[in-house]
Amino acid sequence: MVLDFSAAMGSNELQEKDATGALGHDLSNGSSSNLEAARRLAKRLYRLDRFKRSDVAKHLGKNNDFSKLVAEEYLKFFDFTGMTLDYSLRSFFKAFSLIGETQERERVLIHFSSRYYQCNPDTISSQDGVHCLTCAMMLLNTDLHGHNIGKKMTCQEFIANLQGMNDGKDFPKGLLKALYNSIKNEKLEWAVDEEEKKKSHSDGTDEKDNVSQTKAVSRIGNSNNPFLDIPHDPNAIVYKTGFLARKIHADMDGKKTPRGKRGWKTFYAVLKGTVLYLQKDEYKPEKALSEEDLKNAVSVHHALASKATDYEKKPNVLKLKTADWRVLLFQAQSQEEMQTWINKINCVAAVFSAPPFPAAIGSQKKFSRPLLPATTTKLSQDEQLKSHETKLKQISTELAEHRSYPPDKKLKGKEVEDYKLKDHYLEFEKNRYETYVSLLKEGVKDLLSGGENDAPGLKKSHSSPSLNQESPVSAKVKRNVSERKDYRPETPSIKQKVT
């Protein structure tokens, strides 16, 4: 049965390739023959005629004119008239599995937003508004139901995060409260193929967890939220390559890494797009990435790299703090190499990190870090600079206000810990945005395209030059006491400056 089904799937793919090739440049004209072919494929996808649920998103999310036609025709099978946005999204997810690369899944949600707005033009002011709320629900879903997120977002925080996002105006509070309660009371999930259900039962795993943990080599991360996964783009520009030794210093949310997982390991590092790939072998663009490579990869969106001044056991060590508050130490082969890595990583983060939803941190009774999307910004470089400057001003004001009201000495440990954690966060964000603003003002194009002898210009994927493969010296050492300040339970003192 498996072989027969694979053959059927192969013929489906060939049919679509043939159809796409025959359409040629006429696709954009939407001729009747194109439309008929799109309708036939959309009908088969909707009825799951020799297709699996996990195949649907692959056909709807491709970035070509024929796939857009297919998606439009597919969405016509859904009538969302008079339905709430959350109920419509749940109904949509019952038909297929939202899996694939981040960009593909985001395109599927854009098609959904367009269809919902067509069915309900008077409910939300614009299609962009619908898509904004759809993305917000996906983020909220991960925040409330994800396994690795710390403190959960409140309804007030959800509303504050969406201020001014409705074409410059606010969404109705009643609408946002209803959406929040819907996601809080029932997790967003999409359909799963029968084969996957049987596999989850035979493995003894929870069926719901299996939905969110479906793995594909074409993407990085196992979130049930397409906007928090690392976007893996095989055609992305390579900004730097070289050998680095890595030590995992803190896991997600700054939690202390278990002792047995803190050792130094040497990798061939490739900064490609917004992802730092850590591979066992030297980089070869024609070689496909293994699951181990993707597992070790680190997204540098909203990250900050700096010299690890508090780590003295090895020379030329830089510290990378990621958007989800993981902390990794990297040892380069020289002081110059270390500084080049720091500059390249921070430049990529400054240029490509998408703006986060504005979070009303100052009004929150309990501190909660805002979620930072892994998607690439759509702003121009000038707009990106203005966005970073605005965020820097906001963070600086909040930090000053925060420190002007220190906790009462009589308060219990939890309140004091929460105060210190928020102080640590604001100080880090201030340093991060100061770095971003400084780099954008200096002109990041020069920093990204030059600054190292083996990379005179922006590099497309290609075989790396012959490098000295002698890795940095690795030795087992006791952990510095000063390392503890990046672990979440042991946040720094209020007066101590955190880097």
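Just so we're clear, the structure is a prediction, and the values are computed from it rather than from any experiment.

(A) Structural view of the overall build of the chain. On a plain count of helices and strands, the chain comes out with 16 helices and 7 strands. Across the 499 residues that make up the chain, the buried fraction comes to 51%. Pairs at least 24 apart in sequence give 70% of the contacts found in the chain among residues at least 6 apart. If you sum the accessible surface of the chain, you get close to 24600 Å²; carbon and sulfur atoms cover 51% of it.

(B) Quick peek at the sheet that holds strand β2 (residues 265-272). In space, the 7 strands of this open sheet follow the order β4-β3-β2-β1-β7-β6-β5, with antiparallel pairing throughout. A strand with exactly one partner marks an edge of an open sheet, and here the two such strands are β4 (298-299) and β5 (304-307). Bridge count between strand β1 (residues 238-250) and strand β7 (residues 327-331): 5 bridges; the pairing is antiparallel. Paired with I248 across the strands is L328, a residue of β7. Of the strands in this sheet, β5 and β6 (317-321) are in contact with helix α15 (residues 413-442), which crosses β5 at around 90°.

(C) Seen up close, the environment of S290. Within the element layout of this structure, S290 appears in the loop between β3 (275-279) and α12 (291-296). It is 9.0 Å that separates the C-alpha atoms of S290 and Q279, two residues lying 11 residues apart in sequence.

(D) Quick look at the confidence of the model for the chain. For the chain, per-residue confidence averages 75 on the pLDDT scale, and residues scoring 70 or more make up 69% of the total. The least confident element of the chain, judged by mean pLDDT, is helix α1 (residues 2-23) at 34; the most confident is β5 at 96. Note on residues 358-364: pLDDT is under 50 here. Beyond four places in sequence and across chains, it has 19 contacts. Every residue in residues 451-484 scores below 50 in pLDDT, and together they form 77 contacts with partners more than four places removed in sequence or on other chains.

About the cut-offs
Residues numbered from 1 in each chain as written. Predicted model: local features only at pLDDT ≥ 70, side-chain atom pairs only at ≥ 80, totals over all residues. Heavy atoms only, no water. Helix = DSSP H or I, 4+ residues; strand = E, 2+ residues; numbered from the N terminus. Buried < 20%, exposed > 50% of the residue type's maximum accessible area, 1.4 Å probe, protein only. Contact = heavy atoms within 4.5 Å. Areas by Shrake-Rupley, 256 points an atom, 1.4 Å probe, with all protein chains shown as cover. Pairing = 2+ DSSP bridges. Axes fitted to C-alpha atoms, helices over the stretch in contact; angles between N-to-C directions. pLDDT = per-residue confidence, 0-100.

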